[in-house]
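Residue strings, one per chain:
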Amino acid sequence: MTGAAVERRRPVRSYTLLTGCVLAGLITLLALVSLVWTPYDADDTSGGRLTAPGDGHLLGTDKLGRDLFTQVMIGSRIAVEAGLGSVLIAATLGVLLGLLAAFAQGWLDDTLSAFLDILIAFPTLLLAMLIVAARSATLGSAVLAIGLAQSAVVARLTRILVKRVLNQDYITAARISGTSWPRTVARHVLPNIWPTLAVNLALQFGLAVLAEAGLSYLGLGAPPPNASWGRMLQEAQATFTTAPAGALAPGVLLVLLVVGVNLVADGLRDTLDPTTRRRRA
């Protein structure tokens, strides 16, 4: 393929990343605005039951008389907090466990690998139920459960990537020159695995948002008056035929956020991973 053809393909990948950033960024902006302003208080029920959109309520009201646009704004904040919190936990624990497993040898390597496989196979919902039983049904409990479940996926990926990097000649050269292992990891290992990890963490963000919505739908997420999108979907299912906005608004935003994050991950894959960029070109 000629250089001109390669150049013609690059804007397509840029548009993918740009579209994802716009979708995810708009919802993140909505979440940030909700920190300082919402049209009504979260527990304000003065709007009347199942009011149609308009008359001071952009999306109408729910069955309790709460403003749906306010609920959607608060739900966007909870979704972003759940995604960021879960990914932070997954990245911290996952990278540490992955590095430990990559440098382990013999029985320790086998034990850590088996532990990660068990944790990956352990259902997130069951883990959330155990944590909720030990603590309470809060957003923090849901984030902790999701983050722990995702840390195993990140750890296994980190282990694979680190073992691959450790077999490279420049690692051998760094060790022969007297570079310590911590410095080798910081200067050579982490920078080389970061592109793939960044893409995976972006995907984990979208999965965390979906998982939090699912847990809230089952009553294991943020309790009222916190308006998680999952809880809004659960509360609106009985009135969908008479007031569809109660389910459509959080459902559409949930899909847009997940699609946006996935597009960001795809764009990052092309931007940060030179091997993928060359292969697709």
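Residues numbered from 1 in each chain as written. Predicted model: local features only at pLDDT ≥ 70, side-chain atom pairs only at ≥ 80, totals over all residues. Heavy atoms only, no water.

**Student:** I keep staring at the side chain of Arg66 and nothing clicks. Help me out?
**Tutor:** Considering the arrangement of structural elements, one finds Arg66 in the loop between α1 (3-36) and α2 (68-103). Separated by 2.7 Å, the side chains of Arg66 and Asp62 make a polar contact. Arg66 has contacts with Ala42, Asp44, Thr45, Gly60, Thr61, Gln71 and Glu235, leaving out every residue within four places of it along the chain. (Helix = DSSP H or I, 4+ residues; strand = E, 2+ residues; numbered from the N terminus. Polar contact = N/O pair within 3.5 Å; in protein donor to acceptor, adjacent residues only side chain to side chain. Contact = heavy atoms within 4.5 Å.)

**Student:** Would you mind showing me how to read the nonpolar core here?
**Tutor:** General note: in soluble globular proteins, nonpolar side chains tend to be found buried as a group. Counting 44 residues, the largest nonpolar core has Val72, Val162, Val189, Leu197, Val209, Trp229 and Leu257 as the members making the most contacts within it. Contributions of two or more residues to this core are made by α1, α2, α5 (139-166), α7 (181-217), α8 (229-236) and α9 (245-272). Sort the elements by how many residues they give to this core and α2 lands first, with 13 residues. Setting aside chain neighbours within four positions, we find Val189 in contact with Val162, Val165, Leu166, Ile171 and Thr184. With 11 residues, the next largest nonpolar core counts Ile146, Ala149, Ala208 and Leu220 among its residues. (Core = buried A, V, L, I, M, F, W, Y, C linked by side-chain atoms within 4.5 Å. Buried < 20%, exposed > 50% of the residue type's maximum accessible area, 1.4 Å probe, protein only.)

**Student:** I would appreciate a short explanation of helix α3 (residues 106-121) in the present structure.
**Tutor:** Residues that lie three or four places apart on an α-helix share one face, since the helix turns once every 3.6 residues. With 16 residues, α3 ought to run about 22 Å at 1.5 Å a step, and its terminal C-alpha atoms sit 23 Å apart, in line with that. Taken as a whole, α3 has its buried residues at Asp109, Leu112, Ser113, Leu116 and Leu119. Projected down its long axis, α3 carries its buried residues within an arc of 125°, all on one side. Opposite the packed face of α3, turned more than 90 degrees from it, sit the exposed residues Trp107, Asp110, Ile118 and Ala121. (Expected span 1.5 Å × (residues − 1). Arc of directions from axis to C-beta.)

**Student:** Even after reading the chapter, I still don't get the environment of Ala213, so can you show me in this structure?
**Tutor:** Turning to its location among the elements, Ala213 is positioned in helix α7. Residues Ala213 and Met232, 19 residues apart in the sequence, show an inter-C-alpha distance of 9.3 Å. The contacts of Ala213, once residues within four sequence positions are left out, are Gly230 and Leu254.

By themselves these figures say nothing about function.
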